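# Observations on the three-dimensional arrangement
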Amino acid sequence: MPEHRLVVVSNRIPTGEAPSGGLVVALHDALKERGGVWIGSSGSTAEGATEDLHTIAEEPYQRLSFDLSEQENEGYYLGYSNAVLWPLFHHRTDLIAVDTEHARIYQEVNAKVARMVARVVGPDDLIWIQDYHFLPLASELRKLGVDNRIGFFLHIPFPNSSDMPALPERRLMPDWLSAYDLVGLQTQRDVSNALDFLLRDGGAEILLRGRLRLGNRQFELRSFPIGIDVDAFATASTENAGAGERLRLGPGEKLVLGVDRLDYSKGIPNRVEAFGEYLRGRPDPEQRATLLQIAPPSRENVEAYRDIRHDLETISGRVNGEMAELDWTPVRYIRRNVPRDTLAGLYRRADACLVTPLADGMNLVAKEFVAAQDPENPGVLILSHFAGAAEQLDEALMVNPYDAVEAGKAIQKALDMPLHERRARHLSLIRSIRDYDITWWTEAYLGALQEAGPLRGS
Ligand code: ADQ
């Protein structure tokens, strides 16, 4: 089958020379190999933003950016994407800020981006739309007569049917989704939530093998758990194995690590609470452990994000006030980005990693931690049932992040775990992340998109 040119659309486009970060690197590799175009917002707002696309790079593939106006950014990005869709899709319907004006602007920006994308695509291009910012993009492209193969990948969970009624625009969702040829989700749980919604409320019917029909459209719904570049992370971790020395931990002191964007879905305050439980309950009060939580703020213009920061600072202060000694601060909290190489070295030094989201599409930190371990002396992954990664990584210590006592016991168990058990668990985890790495993800997805129906001209 001929390779079709790839057109990727994502909310933000990487602007640097050498893109970093799992998803960005994966898409970069796929585009580099096939040639193609990546379209996304520049991240800067311009007054009265036009529909011009700016060329950021031509080689090894084209990168095109567009600007949004202040008002578009407010309505489409902060308002609808991050204060309606994000909380809804992460089971936080209490945080949804419904605003009809924001919903209107979200649709309008999708229509505008569709016009820009339509100008760029050729008849045989494969179009791959990323994430919840662009749910209606294919339906807008179809209105413009674009009949190319169009795929969508949702990086965050698909809401269950008890949360969906909180979305005023839910009746539009079946048309948004069915305008794609392939809707990719992270997990089986997401597929079953999406099927439940589309069959019960959306009027869709099942054909064969994940294929659905809605009106005169046929489309596919499947899970493609996203992975990481395992070798790149493993190499970075050995090359930066000294990163942990800068922490100046005491002799025998254990390191427990948390790495997340500061987001209420990640369960960071619950985790500090669990660490406090562990400290209070540890059988040997002489045993010292430090929780290093790296959590750079994100989306600070959205109110719920300011609240989570306040919660985290309060609880960290409380645990430290209660437990710290003159020469030991049990919770260290860093509110900035750490270079990826340093991060890889810290993962390797850590005795345990706490990945305890309350809801998460996949969670790449869990996979990065596993990739960074020394197989001879690996650390232990403590993983929430609510991370998408839990479907694959069942040899992690699984916890309920709402139960601080249980999670505290899991920390104790991780720090006491004998070497043979750590090795056996690590071996199973690393096999799983190698089998489903980032190259598998891009190839499996694009292969399925290419086969999702006959392409014109092929
Ligand atoms: P995120 O919610 O951003 O992604 P995650 O999958 O954990 O969550 O990815 C975060 C990335 O940022 C990781 O590569 C991590 O190393 C990096 N990172 C986090 N904190 C950092 C710090 N302080 N300094 C440097 N790097 C840091 C969304 C979904 C996830 C899904 C991904 C990919 O919410 O569920 O796994 O997309 O599909």
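Please read all numbers here as calculations on a predicted model, not as lab measurements.

### Examining the overall build of the protein
Counting its regular elements, the protein contains 14 helices and 16 strands. For 458 residues, the compact-globule estimate of 2.2 N^0.38 gives 23 Å, and the protein sits close to it at 23 Å. Reported as C-alpha extents along the three principal axes, the dimensions of the protein are approximately 70 × 45 × 45 Å. Relative to its 458 residues, the protein shows a buried fraction of 48%.

### Structural notes on the packing of helix α7 (residues 230-239) against helix α10 (residues 340-349)
The interhelical angle for the contact between α7 and α10, taken along N-to-C directions, is 80°, at an axis separation of 7 Å. It follows from the interaxial angle that α7 and α10 lie roughly perpendicular. Counted together, Phe233, Ala236 and Ser237 of α7 and Arg340, Asp341, Ala344, Gly345, Tyr347 and Arg348 of α10 form the full contact between these two elements. When its residues are assigned to classes, the contact of α7 with α10 shows 4 nonpolar, 2 polar and 3 charged.

### A few points about the sheet that holds strand β14 (residues 352-355)
Pairing in this open sheet of 6 strands is parallel, and the strands run β13-β12-β11-β14-β15-β16 from one edge to the other. In the strand order of this sheet, the two ends are held by β13 (331-334) and β16 (397-399), each with one partner. Strand-to-strand twist in this sheet, taken as the mean axis angle between neighbours without regard to direction, amounts to 20°. Pairing of strand β15 (residues 380-384) with β16 involves 3 bridges; the strand directions are parallel. Bridging across to β16, Ser384 finds its partner in Val399.

### Here's the deal with the pairing of strand β9 (residues 211-214)
Taken together, the 2 bridges between strand β8 (residues 205-206) and β9 define a ladder with antiparallel strand orientation. Bridged to Glu205 within β9 is Arg213. Adjacent in sequence and paired antiparallel, β8 and β9 are bridged by 4 residues, among which Arg209 carries a positive phi angle near 35°. Two successive antiparallel strands, β9 and strand β10 (residues 217-223), enclose a turn made up of 2 residues, where Gly215 displays a positive phi of approximately 55°.

### Regarding the site of the ligand
For the ligand, the set of nearby residues contains 23 residues, the closest of which are His155, Asn337, Gly361, Met362 and Leu364. Elements supplying a minimum of two residues to the shell around the ligand: α1 (22-34), α10 and α11 (364-371). Looking at the shell around the ligand element by element, the count peaks at 3 residues for α11.

### With respect to the confidence of the model for the protein
Predicted confidence across the protein gives a mean pLDDT of 93, with 97% of residues reaching 70 or more. Complex prediction metrics read pTM 0.96 and ipTM 0.98.

### Description of the sheet that holds strand β5 (residues 126-130)
Ordered in space as β3-β4-β2-β1-β5-β6-β7-β10-β9-β8, the 10 strands form an open sheet in which the pairing is mixed. Where the open sheet ends on each side, the last strands, each with one partner, are β3 (54-57) and β8. Two strands pair when backbone bridges link them, and strand β7 (residues 182-185) and β10 are joined in this way by 4 bridges, in the parallel orientation. When the bridges of β10 are listed, Val183 appears paired with Leu221. Packed onto the sheet, helix α6 (residues 188-200) meets β7, β8, β9 and β10 and runs at close to 150° relative to β10.

### Quick word on α7
For α7, the set of buried residues is Val230, Phe233, Ala234, Ala236 and Ser237. Seen end-on, α7 carries its buried residues on one side only, within an arc spanning 165°. When the buried face of α7 is taken as reference, the exposed residues oriented beyond 90 degrees from it are Asp231 and Thr238. On its buried side, α7 packs onto α10, α11 and α13 (419-435).

Rules used in this analysis
- Residues numbered from 1 in each chain as written.
- Predicted model: local features only at pLDDT ≥ 70, side-chain atom pairs only at ≥ 80, totals over all residues.
- Helix = DSSP H or I, 4+ residues; strand = E, 2+ residues; numbered from the N terminus.
- Rg over C-alpha atoms; globule rule 2.2 N^0.38 Å.
- Buried ≥ 20, exposed ≤ 12 C-beta atoms within 10 Å, placed from the backbone.
- Axes fitted to C-alpha atoms, helices over the stretch in contact; angles between N-to-C directions.
- Parallel < 35°, antiparallel > 145°, perpendicular 65-115°, else oblique.
- Contact = placed C-beta atoms within 7 Å.
- Nonpolar A, V, L, I, M, F, W, Y, C, P; charged D, E, K, R; others polar.
- Pairing = 2+ DSSP bridges.
- Near = placed C-beta within 6 Å.
- pLDDT = per-residue confidence, 0-100.
- Arc of directions from axis to C-beta.

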